[in-house]
Amino acid sequence: MGLAGLDQALSGVRVAQQQLSVLSNNIANAQVEGFTRKILPQSTLTLNGQGAGVLSDTIIRKVDTNLQLDLFRQTSIEAFLTTKADSLDRIQQFHGPPDGEANFAALLGKVRDSFTALDNDPGDPLLINEAINSAERFAGRVREFGDLMQELRNDAENDIASGVNRVNQILEQIADLNGQISFNIAADNSVAQLEDQRDQAITELSEFLEITSFRRGDGVLVVQTSEGQQLADENPTEVFFRQSNLGPSTFYPDSINGIFVGGNPAQNSGAFDITQTDIGGSIGALVELRDDVLPRFQAQIDELAANVADRFDRQGLRLFTNEAGSLPDFSTNPDNTPDINYTSPAAVPANIFTAIPALGGSGASNIINFNVTQPGIGTTTLQIDLGALQDPPAPGDPRTPDAQGIAFLINEQIQLNDNISAENFQVSTNGTGQLTINSDFAFTIDGTALPATALNQLGLEADTNNTESFALPFFGGDTAVDYIGFAQEFQVNPAVVNDPNLIQRGTITREDGPVQPGSNEVIRRILQFTFGDTEFQQATTRSFTQPNPFTGTAPEALLQDQLGLFASNRIEGTVDLETVGNLFSSPDSPLNDPALGPQNIRIRVTDPTTNAPFDIDVNLSELDNDGVPVAGDTPDINGLVNLINNAIDNATGTPPTPPPPSVSLPTPEGRDIFATQSGGNLVIQSNFDVEFVTAGPNAPANPAPATTLQFLGLDDDGDNISSFEATQPFFEVAVGDNDPTRVTIDDDDLLADLVDKLNLDPGSDTQGVPDLLAEIVRDPVDPLNPNDDQVSIRIRPGQVTTGVDQNGDGFDDVAGFGGEIRIIGGPFQDTTGNPILESVFGSEDPVTNVEHRAFRFQDLGPEVGINSGIDGVETILSYAQNAINNQSSESIVTQSSLEDESTFKQTLLRQFQDESGVNIDEELSNLILVQTAFSASARAVSAIDELFEELLNAIA
Amino acid sequence: MVGVSTLGTFQAQGIRINNLQTQLDRLSNQLSTGKLATDFAGLGNDVIRSQRARADLQELSIFQRNVDLGTLRLNLQTNALDNIERQAEIAVDAINLEVKQGQIDLARIRDVADTGLGIVKDLLNERDAENFLFAGSDVLTQPLNDTGTLETAVQNLLNDWQNEVLTTNELLSALRTRDPADNPLAVTDSQIGYAPSLNEAKGQSIRADSNIEVDTTVKADEVQFRNLLVSLEVLRQLPQEANGTGIDFANVPDAIEDTAVTVTSTQDLGADIFAGASPIAAPPTAQEIQFIYEDPVAGPQAFTIDLGVLDGDGVPFAGDNPDATGIANLINFEAANAGLPNADGRDIVASVNADGRLEITSDFDFTIDSTSTGPTNPANAGTLAFLGLDQDGGFPDIAAFETTTGDETTTNDEQNEIFSLIEAMARDIQSSLKGISRSRLNLQDALATVDRIGQDIAGERTTLQNLVSTVEDIDINQTAVELQQVQFQLQASFQITDSVSRLSLTNFLSL
């Protein structure tokens, strides 16, 4: 027993020493990041059922692997957000403090303010220089921001390259550690320390990429990307990335290389591009910054720069340009390129009802639905009924039972549907009878109600299930806008820098002379329209009928006839005949006794259509109250009115000599003349030139005595002849702060004459309204209908049109400017004296605002895949402020997320450390325990030794 | 049981202390700057509010500046108008005084007008720094230049008036008209000395708000100034005795309005001028007589009558009978076609007198001509004599008639004429005064508007400043309290850290 006890005590001493070693190591590494507490498990040595001492097992560690995986993921998330936040913080620093007002929005506000000051004193050279200086400061800030975006993108690209290099080093380290762990496990050696090292490497890897992992039975930890691409086991997988030099127009994957797992894709076709996957970690953040966030910010500043330059230019001041003094080409419109161009695989039958006898009639089996899905709008269904096609069709009816008829039905539905535009979805036919569908949106064709295979027979699908789907290609195939990177070229027009007075005069040559040095007309346009919500104002007349070029209908009617608006002539006598009382017995009356014979006054009127006069003779002697020729022929103002109206009514058929043209009132055009009174004064209201005559060559037979007209208040000079010219319909129109110009609609005017009167053409005549553009436009009632001959006149500020609509905004491009118009109605009144302005311009308030070219929200960036994140903004200042707000919001959200995720990571880390880390106090306690065990074991050895000594002494 | 890691404990404590120090730094920074954040992100959801408020605040500062400068300009304009008004009033007062006294001291009127004219010209050319106040948008061009052409133009008109070429009414018409299309003798803007571009000049305004431009335009060529200049120029050139203060009546026209000439036919033309021994060819043969009359403004003018139309058929006019009445109607018909009476009211009127004789009354010197060098189809020889319109009754068929003086020139006539002129000028100046007063009232309205807007701006600025302060500035008291709290927390954390570090088993065991 004695020897056995000694062995047992010695095993206790040995194990205690081993425990001391482990504890010492734990205490020594207590402050080492990533070190996990090591444990030396002990077990009892049993021989023949009897304890034979203590045994130590392999040193192990205690790690919660699930918690550790969570910690890895959280490390990736924190690294992702930290990297992103750092970059966004640089942008915030660029904008400066809010009260510094050095950001581009504040500087744009100062440009506006400088123009506001200049508006007060347009010729002040100091203010002009201040305006240029503020413009230069703004342009410089825009340029710097554009540069910053490129700098940050290139930094991101550089950091990706560095990160990938480090990732490869870490992967090699992990693979090496995996190999060692596998070997030591096989050799039954402790791998706890190696696992700590591997965990450390994986933790660092997690900062670059988000990873997943699993542990194999041989102890190898297989590391993968978050989407399962293997990065390392015993062997590392190379992560490949080739750095590019980035410019505004470079983008992944066209001109930026991807990040490949598996090495160089040129050498390894199995290399997998993880760029578009959820990479996570700092590299994921850098990719997002490079390909999404920073291009979005660049798109914002490009959009702002381009629109600011354009909006200034459209008001006649090209203040901002590129270095060459020119502007981007706004005609490049990404939406002009359809994303889907589908041509049916087979020709549509020449007669679908013959080819597919089950079609026709009014049943549901004729229905095809085109379901078009638009972002932000949803799915719009265009339902066409093939039964509407005609067999045979009537002459001229487009609904033929063939490809053209089907295309007509679809396009008709597009016209009728407010949700979808023909610009985005069009159907046409080609020369071989195939249907072509050009769409900017994904769509499906649902022909399930049709007879079996009918959709295929109609050429609208390749298979025969009566349905077909069309998805958008990944990159749409659209064309990028022309102003990508314009912000970096953005500067004050060199021409303006060289001649600062252009700020006040504008950069276009006016047709009607230069802008005077004290005029604020350019500046106020800039203030009101460049910085305002709308580009200009316009007015459109009511509709008129004009011969249609398609149909060549009847000759165009005169404008006055179409308007029902004629020259107006209201003659009001200057004498209060009510006060006069009896026209014959008044002391001032020159009239003779009615019984002595006729006393005629002649009202000679001239019809502008026939241009011939006709005479209405009024015999004042009829005012004898005998009821003949008209009831109420009293010798006073009432009787006079009745008598004149009776004479007018009977003018037909009583032609004087020489006979005038036959008179019939009102005339076919609606012109008329009548008498009335106003406050006792005689009033003659008509649409004609009017002459009152009692003497001279045009005098009537038996003229009334001299001064009769004067007595009646119709002749102010007593010459017994007085003429009153009718006023043609007119209105006044002015552009900006110009004085109003009167525009008259003459008797013989057609639409084109009015347009000519509105347009100033100094080269050929001096008529016209300065700074006004007028044109005849076809009403958008039914543009597909060639029988629609309704047109309007549209007027807007400007000077000359190029006759070309390059920018696709629906108007011919104007080499002039915008601004406001004012229309002041003429003295148009109906018979009751109410104004009838609407007869001229459609309503009493016909001027409408025309919006600027809208800020583009989507289809931005070189790959046409960026949206600016700023929608619904109309003014340039608001856009600039929203851009900064958007960038700040991105920073705020990122920073907030970072704080949350960091807190969570700290919680996980603390939990992990508490579970797997070292507590020195605990280790010290264990140390005391081990010390005690060691002392006890040593005491046992000593006791046994004493026993042996006693025994030996006894024997000896 | 989950343990407590020493490293974790100290790291956690370190993070807590770090957080507290960050808070302390932020709060102390806020306290020292008074601002909530040093970047936009620090404003949280108020980024856009801050930007808009700051932009609006800056804009209001500019509006305030505009209002201040505009007020100065308006005051300058108003003062100038006051002075112009004063000069006009002095001139009118001088005239009224002289007229009231009955004995006109022309020298005094001339002096007052001369002085006033010079001052008014200077005032109309007044500047605000480099800009002319009354030039509209053409601010760099002097609106009124003293080229002497106004003096010459008025002098010429007065000469014509004194030489009885022009009546007083014609003179006044010319003086009051600026467009030669309305009166060939008009005193044009160019003669007055207005800059050619002034007519094209647009308005001036004060940009007092984003939607309000206050019009401050008063242009030197407005009618009230134009008439005042002309009136004063007339007054300073009134004819004066060579060595005295009285009126130079020798150079004052008499009443030329009384000089119409009336020609009465010496023949009783009977019922048919073509009948009997008449030399006149019967209708429809053209038998033309030309009337040539001297219009003092437009020069020689003419119209022609054709006796061949007097056939009683109503064409070209009713009453075309071959008798004295028909001839009278015919003369009136063609005179009217020729535009008579003219703009000054001068006319040629034919009638039949109580004796049935043809009578022609003319405000012009005129000649009746039926010679071969006269009308295209002259009436047969002897026609004028037959009609009783040829004084000498013989060859050639031409007769001249001059306007005659109605009465002898008297001092009263002359006084009346010059009084008429002076009074007309006084009325024109009075009318100008009304116009100037209107302009001044408009400017005062503008001034009141600008002043009101200035007060509104001050109120808005306060509101916006408050908004900016609310969004961007800290509450000093609250921040100070927070800072103190964080200080306490940090101090406590340090103490805890110290305590925890000393609460080590090692220390305990070593004790």
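Residues numbered from 1 in each chain as written. Chains lettered and ligands numbered in written order. Predicted model: local features only at pLDDT ≥ 70, side-chain atom pairs only at ≥ 80, totals over all residues. Heavy atoms only, no water.

**A short note on the overall build of chain B**
Next, step 1: Regarding its fold elements, chain B presents twelve helices and eleven strands.
Next, step 2: By the compact-globule yardstick of 24 Å for 511 residues, chain B is too spread out, its C-alpha radius of gyration being 45 Å.
Next, step 3: Per-residue burial for chain B yields a buried fraction of 46% across its 511 residues.
Next, step 4: Expressed as a percentage of contacts within chain B between residues at least 6 apart in sequence, the contacts between residues at least 24 apart total 70%. (Helix = DSSP H or I, 4+ residues; strand = E, 2+ residues; numbered from the N terminus. Rg over C-alpha atoms; globule rule 2.2 N^0.38 Å. Buried < 20%, exposed > 50% of the residue type's maximum accessible area, 1.4 Å probe, protein only. Contact = heavy atoms within 4.5 Å.)

**Focus: helix 8 (residues 403–416) of chain A**
Residue and element names in this part refer to chain A.
Next, step 1: Along its 14 residues, helix 8 runs 20 Å from first to last C-alpha, staying within 8% of the 20 Å computed at 1.5 Å per residue.
Next, step 2: Taken as a whole, helix 8 has its buried residues at A403, G405, I406, A407, L409, I410 and I414.
Next, step 3: If you follow the buried residues of helix 8, they end up packed against helix 7 (352–355), strand 13 (367–374), strand 14 (378–385), strand 15 (425–429) and strand 16 (435–439).
Next, step 4: The opening residue of helix 8 is D402, an N-cap whose side-chain oxygen sits 3.2 Å from the backbone nitrogen of Q404. (Expected span 1.5 Å × (residues − 1). Polar contact = N/O pair within 3.5 Å; in protein donor to acceptor, adjacent residues only side chain to side chain.)

**Here we look at the packing of helix 3 (residues 106–124) of chain B against helix 7 (residues 223–236) of chain B**
All names here are of chain B.
Next, step 1: Axis separation between helix 3 and helix 7 bottoms out at 8 Å; the angle between their running directions is 150°. By the angle between their directions, the pair helix 3 and helix 7 is classed as roughly antiparallel. Helix 3 and helix 7 meet at a crossing whose hand is left-handed. Across the interface between the two elements, I109, R110, A113, D114, G116, L117, V120, K121 and L124 from helix 3 touch F225, L228, L229, L232, E233, L235 and R236 from helix 7.
Next, step 2: Its residues assigned to classes, the contact of helix 3 with helix 7 comprises ten nonpolar, one polar and five charged. (Axes fitted to C-alpha atoms, helices over the stretch in contact; angles between N-to-C directions. Parallel < 35°, antiparallel > 145°, perpendicular 65-115°, else oblique. Left-handed = near helix turned anticlockwise from the far one by under 90°. Nonpolar A, V, L, I, M, F, W, Y, C, P; charged D, E, K, R; others polar.)

**Some words on the sheet that holds strand 9 (residues 358–362) of chain B**
All names here are of chain B.
Next, step 1: Read from one edge of the open sheet, three strands run 5-9-8, paired in antiparallel fashion. Looking at which strands have only one partner, the edges of the open sheet turn out to be strand 5 (261–264) and strand 8 (348–352). Sheet twist, expressed as the average angle between the axes of neighbouring strands with direction ignored, equals 20°.
Next, step 2: With four bridges joining them, strand 5 and strand 9 adopt antiparallel strand pairing. Paired with V263 across the two strands is I360, which belongs to strand 9.
Next, step 3: The sheet contacts of helix 8 (residues 324–337) involve strand 8 and strand 9, and relative to strand 8 the element is tilted by about 165°. (Pairing = 2+ DSSP bridges.)

**A few points about the side chain of D295 of chain B**
Next, step 1: Structurally, the position occupied by D295 of chain B is in strand 6 (residues 288–295).
Next, step 2: Setting aside residues up to four positions removed in sequence, D295 of chain B forms contacts with Q301, N342 and F364 of chain B.

**Remarks on the interface of chain B and chain A**
Next, step 1: With 60 residues of chain B at the interface, the matching set in chain A holds 63 residues.
Next, step 2: Approximately 5000 Å² of surface area, both sides summed, lies buried where chain B meets chain A, with 49% of it carried by carbon and sulfur atoms.
Next, step 3: Between the two partners, chain B and chain A, sit six salt bridges.
Next, step 4: Note that D121 of chain A is salt-bridged to R73 of chain B, the shortest N-O span being 3.0 Å.
Next, step 5: At the junction of chain B with chain A, the criterion picks out 28 residue pairs in polar contact (both at pLDDT 80 or more).
Next, step 6: Looking at the side of chain B that touches chain A, the elements with two or more residues in it are helix 1 (6–33), helix 2 (47–101), strand 3 (205–207), helix 8 and helix 12 (505–510) of chain B.
Next, step 7: If one sorts the elements of the side of chain B that touches chain A by residue count, helix 2 of chain B sits on top with 17 residues.
Next, step 8: Grouping the constituent residues of the side of chain B that touches chain A by class yields 26 nonpolar, 20 polar and 14 charged. (Buried area = accessible area lost by both parts, 1.4 Å probe. Salt bridge = Lys/Arg side-chain N within 4 Å of Asp/Glu carboxyl O.)

**Some thoughts on the pattern of salt bridges**
Next, step 1: The full count for this structure, using the stated rule, is 61 salt bridges over all chains.
Next, step 2: Close ionic contact of R570 of chain A with E572 of chain A constitutes a salt bridge, the shortest N to O distance being 2.9 Å.
Next, step 3: Residue R570 of chain A is classed as partly exposed on the basis of its relative accessible area of 45%.
Next, step 4: Owing to a relative accessible area of 35%, E572 of chain A belongs among the partly exposed residues under this scheme.
Next, step 5: For R49 of chain B, the salt bridge identified is with D46 of chain B, shortest N-O distance 3.1 Å.
Next, step 6: Taking the relative accessible area as the measure of exposure, D46 of chain B reaches 22% and is therefore partly exposed.
Next, step 7: One network of salt bridges, in which partners are shared, links K38, R61, E195, D196, D199 and R215 of chain A.

**Points about the nonpolar core**
Next, step 1: Core analysis: the biggest nonpolar cluster contains 75 residues, and F115, F138 and F320 of chain A have the highest contact counts within it.
Next, step 2: Not counting residues up to four positions away in its chain, the partners in contact with F138 of chain A are F104, L107, L108, V111, L304, V308, F320 and F490 of chain A.
Next, step 3: With 72 residues, the next largest nonpolar core counts L81, A113, A135 and L158 of chain B among its residues. (Core = buried A, V, L, I, M, F, W, Y, C linked by side-chain atoms within 4.5 Å.)

**Here's the deal with helix 5 (residues 192–208) of chain A**
Next, step 1: For helix 5 of chain A, which comprises 17 residues, the first-to-last C-alpha distance of 25 Å matches the rise-based estimate of 24 Å (1.5 Å per residue) to within 8%.
Next, step 2: For helix 5 of chain A, the set of buried residues is A192, L194, E195, D196, R198, D199, A201, I202, L205, S206 and F208 of chain A.

**Re the packing of aromatic side chains**
One pair of aromatic rings is described through two measures. These are the centre distance and the angle between the planes.
All names here are of chain A.
Next, step 1: The tally for this structure, following the rule as stated, stands at 21 aromatic pairs over all chains.
Next, step 2: An angle of 75° between the planes, with centres 5.7 Å apart, marks the rings of F138 and F320 as edge-to-face. Here the residue F138 occupies a position in helix 4 (residues 125–186), and F320 occupies one in strand 11 (residues 320–321), the gap between them amounting to 182 residues. Like F138, the residue F320 is buried in the burial classification. (Phe/Tyr/Trp six-rings, centres within 6.5 Å; stacked < 30°, edge-to-face > 60°.)

**Some words on the sheet that holds strand 25 (residues 673–678) of chain A**
All names here are of chain A.
Next, step 1: A sheet is described by the order of its strands in space; here three strands give the open sequence 22-26-25, paired in antiparallel fashion. Only two strands of the sheet have a single partner each, and these edge strands are strand 22 (569–572) and strand 25. Within the sheet, the average angular offset between the axes of one strand and its neighbour, ignoring direction, is 20°.
Next, step 2: As paired elements, strand 25 and strand 26 (residues 681–686) share six bridges and run antiparallel to each other. Each residue of the ladder has a partner; that of A675, found in strand 26, is I684.
Next, step 3: The strands touched by helix 16 (residues 637–649) within the sheet are strand 25 and strand 26, with strand 25 carrying the most contacts at an inclination of about 170°.

**Some details on the confidence of the model for chain A**
Residue and element names in this part refer to chain A.
Next, step 1: Per-residue confidence for chain A gives a mean pLDDT of 85; residues scoring 70 or more make up 88%.
Next, step 2: Of all helices and strands in chain A, the one with the weakest mean pLDDT is helix 19 (residues 838–841) (44), whereas strand 19 (residues 491–492) scores best (97).
Next, step 3: A low-confidence stretch, residues 653–662 (pLDDT under 50), is modelled with eleven contacts involving residues beyond four sequence positions or located in other chains.
Next, step 4: Confidence drops under pLDDT 50 across residues 827–844; counting only partners more than four residues distant or on other chains, this segment forms 38 contacts. (pLDDT = per-residue confidence, 0-100.)

**With respect to the environment of T285 of chain B**
All names here are of chain B.
Next, step 1: Secondary-structure assignment places T285 in the loop between strand 5 and strand 6.
Next, step 2: You can call T285 partly exposed: its relative accessible area is 39%.
Next, step 3: With 260 residues separating them along the chain, T285 and D25 place their C-alpha atoms 119 Å apart.
Next, step 4: Excluding its chain neighbours within four sequence positions, the residues that come into contact with T285 are D306 and G308.

**Looking at the confidence of the model for chain B**
Residue and element names in this part refer to chain B.
Next, step 1: Here chain B averages 85 in pLDDT, while 91% of its residues score no lower than 70.
Next, step 2: By mean pLDDT, helix 12 is the weakest element of chain B at 72, and helix 6 (residues 189–192) is the strongest at 95.
Next, step 3: Scored below 50 in pLDDT, residues 254–258 makes 17 contacts in the model with residues more than four places away or belonging to other chains.
Next, step 4: Confidence drops under a pLDDT of 50 for residues 406–410, and excluding neighbours within four residues, the segment shows seven contacts in the predicted structure.

**Overview of the pairing of strand 6 (residues 221–225) of chain A**
Residues and elements named next belong to chain A.
Next, step 1: Among the five residues of strand 6, five are classified as buried, and the element is accordingly described as predominantly covered.
Next, step 2: In this structure, strand 5 (residues 211–215) lies alongside strand 6, joined through five bridges in antiparallel fashion. In the strand pairing of strand 6, R215 is matched with L221.
Next, step 3: Joining the antiparallel neighbours strand 5 and strand 6 is a turn of five residues, in which G219 adopts a positive phi near 90°.
Next, step 4: One ladder, built from two bridges, connects strand 6 with strand 7 (residues 230–232); its direction is antiparallel. Across the sheet, V223 pairs through a bridge with A232, a residue of strand 7.
Next, step 5: Hairpin connection of strand 6 to strand 7: four residues between the antiparallel strands, including G228 at a positive phi of 95°.

**Description of the environment of P613 of chain A**
Residues and elements named next belong to chain A.
Next, step 1: With respect to the element layout, P613 can be found in strand 24 (residues 612–619).
Next, step 2: A relative accessible area of 34% means that P613 is categorised as partly exposed.
Next, step 3: Here the alpha-carbon distance between P613 and I503, two residues 110 residues apart in the chain, equals 58 Å.

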